[in-house]
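Now for the letters of each chain:
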Protein chains: 2
Amino acid sequence: MYDCIIIGTGAAGISAALTLKARGKNFLLLGSPQLSAKINAAEKISNYPGLCAVSGEHLKEAFSSQLEAEGIEITSAQVTGVYDMGGHIGVLCGQQVYEAKSVILATGVEAVKPVVGELEFLGRGVSYCATCDGMLYKGKKIAVVCTSKSMEEEAEYLASLAAEVYFVPLYKDAELKSGNVHYIKDMPQAIEGNMRAERLVFRKTTLDVDGIFMLKSSMAPSALVPGLRSEGGHVAVDRQMRTNIDGVFAAGDCTGRPYQYAKAVGEGNIAAHTVCDFLAERK
Amino acid sequence: MYDCIIIGTGAAGISAALTLKARGKNFLLLGSPQLSAKINAAEKISNYPGLCAVSGEHLKEAFSSQLEAEGIEITSAQVTGVYDMGGHIGVLCGQQVYEAKSVILATGVEAVKPVVGELEFLGRGVSYCATCDGMLYKGKKIAVVCTSKSMEEEAEYLASLAAEVYFVPLYKDAELKSGNVHYIKDMPQAIEGNMRAERLVFRKTTLDVDGIFMLKSSMAPSALVPGLRSEGGHVAVDRQMRTNIDGVFAAGDCTGRPYQYAKAVGEGNIAAHTVCDFLAERK
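Scope of this entry: the structure provided in the associated data block. (Residues numbered from 1 in each chain as written. Chains lettered and ligands numbered in written order. Predicted model: local features only at pLDDT ≥ 70, side-chain atom pairs only at ≥ 80, totals over all residues. Heavy atoms only, no water.)

Concerning the overall build of chain A
- A count of helices and strands for chain A gives seven helices and 18 strands.
- Taken over C-alpha atoms, the radius of gyration comes to 19 Å for chain A, in line with the 19 Å a tight globule of 283 residues would show.
- Dimensions along the principal axes, computed over C-alpha positions, put chain A at roughly 55 × 45 × 35 Å.
- Of the accessible surface of chain A, which amounts to about 12500 Å², a share of 48% is contributed by carbon and sulfur atoms.
- Of the charged side chains in chain A, 28 are positive and 32 negative; the average position of the first set lies 3 Å away from that of the second. (Helix = DSSP H or I, 4+ residues; strand = E, 2+ residues; numbered from the N terminus. Rg over C-alpha atoms; globule rule 2.2 N^0.38 Å. Areas by Shrake-Rupley, 256 points an atom, 1.4 Å probe, with all protein chains shown as cover. Lys, Arg positive; Asp, Glu negative; His and termini not counted. Charge placed at Lys NZ, Arg CZ, Asp CG, Glu CD.)

The structure is reproduced here in C-alpha cells:
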C-alpha cells in the first residue's frame, strides 16, 4: 500500500513527486519516460522562474535529470480507472491494480476533443487502452488513432497482435516498426456503427474495422474517476487541491487555466503538502 | 498609470513579473535588489522543479539574471500603504505615490513577531518607514531595529539624520558606515512609554530614546491595505488569487502555507493571468 500514487509526469506530477520525496513518503509516479507531450512540444518558455528562456526540450531534460538525482522512478503505465475502495484508493492500469492511501491526479488536459461517436462506442469497439483490450483484436483489423509520440509503444504492441493496422498519428514524425501498418495522414471525423463501432470516417474516406483504439497521453479525469466533481470541464478543487472525493487530490492543467508550467508546479507542491497533512490525520 | 504594481521581489513577485512581461503589460516591480531575505538564507532547496538541489544563493542569481535578460527592473521602495482610490489603486512609498489599475501583493510573511508595545506605539514614536518619518528625528537619539540586511540602506539614511543611533540588527554580518552608531546584539523585548514610545527594553538593559524604527523587509499586508480580508493571519484569496478588494490580488507566502518556492511561483503566475483578465474586462 503506497502513501500516494501520482498520476501524470507533467510539471504538476513532477513537482508533487519531488515534494513527497523530500517529505520521505512512499509513493508511485505513473506516467511516461517522455514526461509529457506538452513539455516536448514547447518551443520557448519565457516565464518559468529560474530557467531563462528555456526550451521544452531543455526543461524536460532538467526535470528528468532531477528525478534521477533524487532517486525517483517513473512507472510507465496507462491508467484506466481510479476507484474509491472504502478507506483507500485503487488505481487500475489495464490488468494491474495499485493501491494507495491517496492519489494526486496530474493528468493534464487532453487537447484533442473526442471524435463524434467516440464516447458512445467506448467499450463497444472503441478502446483507450492497448494493454487492457489489445488481445480482443488478435488477428483482426483495427484502426489506431494516436495523439502523441509517447504512445507509439502502445501502438506497436497493438500492431504485434492485429492482422492489419490503420495507424492515424495526430503528430509529426510518426514511426512504427511493424510491417502490417498503413499510415493515414488525416483527421478522423466520426466513428460509426450499429451495436458496435464498425467504421472510422475521414473527410474523403471511410475505414471498415473491427475495433478502434484512441491512444491519448492523458485522459479526462472525469472519465477515470467515477463521481469526481467537475467545473467547466476541469476537476473542481479547493485552495488545498482537494477534490470532492476523500483522498483524491488534483494539480496542474486538469484543474483549470492558466495552462502554465509555473502554475502546475505550484499546485503539485500544494497537493503534495495536503497529502502529507491527510496522511498525518489518518494515523 | 501602470496596469499593475507588484509589491515584493520574492518568488511570487518575480513569477508575476515574468508573466506580465510576457503578456506585454506596463507594470512596476517594487522590492529590493536583494530580492528577498528568505531566498538569500535558503541553504538547499530539494524540490524546486527544474533546478536540482539548488542553493538559495544560486536561485537568487538565476532569478536576478532572468529579470535582467527579460528587461525587468526592480524599483527599490518600502511600501507604506495601499489604497483603493475608486477605480484605481494608490501605492504609497514614503512621500511617493504610484498609481495603477491593479496591485499584486507578494509581500511574503514576516518571520519576526511584533515586540510587546510595538503596535500600540506605532505612529507615536514607533515607525516602520525611514523615508516617511526620518526627518522627525533629525538631531535626536533613536533606536533602529533591523530585521534584514536588505534594509541597511534605510538604517544608514536614519544615521545620517539622527545625532545618535542604537542599531539592533536581527541578522548576522551587520555593517553600517556611519560613525554615530552603537551596535546592540540582543533581542528587544518590549517598547515602553506613556503617551509616546520612550524606551526600548532588552533582557538586561533599557535604552532611553526619542524614537524607534522597526525596519522590516516585509510588512503584514493587513497593515498595508485598509479593509483587506485576512484568514488565520494570511490574506484571504480565491483560486484566481483575488482578494476581497477589487483590483487587489495576492500571491505567495502572504496567502498561506505551504511556504514554498514552487507554490509562490505558481500563485504569482495565476495572479498575473487574473490581472490580465481583470484589465481586459475594464477596457
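From this point, the discussion proceeds with the structure in view.
Topic: the pattern of salt bridges
All names here are of chain A.
- Evaluated as defined, the whole model comprises 22 salt bridges over all chains.
- One salt bridge connects Glu118 with Lys216, and the closest N-O pair in it is separated by 2.7 Å. In this pair, Glu118 is assigned in the loop between β7 (103-105) and β8 (126-127) and Lys216 in the loop between β15 (211-215) and α6 (221-224), connecting sequence segments 98 residues apart. An identical accessibility class is assigned to Glu118 and Lys216; each is buried. (Salt bridge = Lys/Arg side-chain N within 4 Å of Asp/Glu carboxyl O. Buried < 20%, exposed > 50% of the residue type's maximum accessible area, 1.4 Å probe, protein only.)

A short note on the packing of helix α1 (residues 11-22) of chain A against helix α7 (residues 261-282) of chain A
Residue and element names in this part refer to chain A.
- Interhelical geometry of α1 versus α7 gives an angle of 40° and a closest axis separation of 7 Å. With respect to each other, α1 and α7 are oriented oblique. Handedness of the crossing formed by α1 with α7: right-handed. Seen from α1, the contacting residues are Ala11, Ala12, Ser15, Ala16, Thr19 and Leu20; seen from α7, they are Tyr261, Ala264, Val265, Gly268, Asn269, Ala272, His273, Val275 and Cys276.
- The class makeup of the residues in the contact of α1 with α7 is 10 nonpolar, five polar and no charged. (Axes fitted to C-alpha atoms, helices over the stretch in contact; angles between N-to-C directions. Parallel < 35°, antiparallel > 145°, perpendicular 65-115°, else oblique. Left-handed = near helix turned anticlockwise from the far one by under 90°. Contact = heavy atoms within 4.5 Å. Nonpolar A, V, L, I, M, F, W, Y, C, P; charged D, E, K, R; others polar.)

Some words on empty space enclosed by the protein
- Per the counting criterion, the structure on display carries two cavities of 30 Å³ or more.
- Considered as a void within the structure, the largest cavity measures approximately 90 Å³ in volume.
- Lining the largest cavity, in full, are A:Arg239, A:Met241, A:Lys263, A:Gly266, A:Glu267, A:Ile270, B:Arg239, B:Met241, B:Lys263, B:Gly266, B:Glu267 and B:Ile270.
- Elements with a contribution of two residues or more to the lining of the largest cavity: α7 of chain A together with α7 (261-282) of chain B. (1 Å grid on protein atoms, 1.4 Å probe; cavity = no way out; pocket = protein on both sides within 12 Å on 5 of 7 lines; lining within 4 Å. Points joined across faces, edges and corners; volume = space filled by probe spheres on them.)

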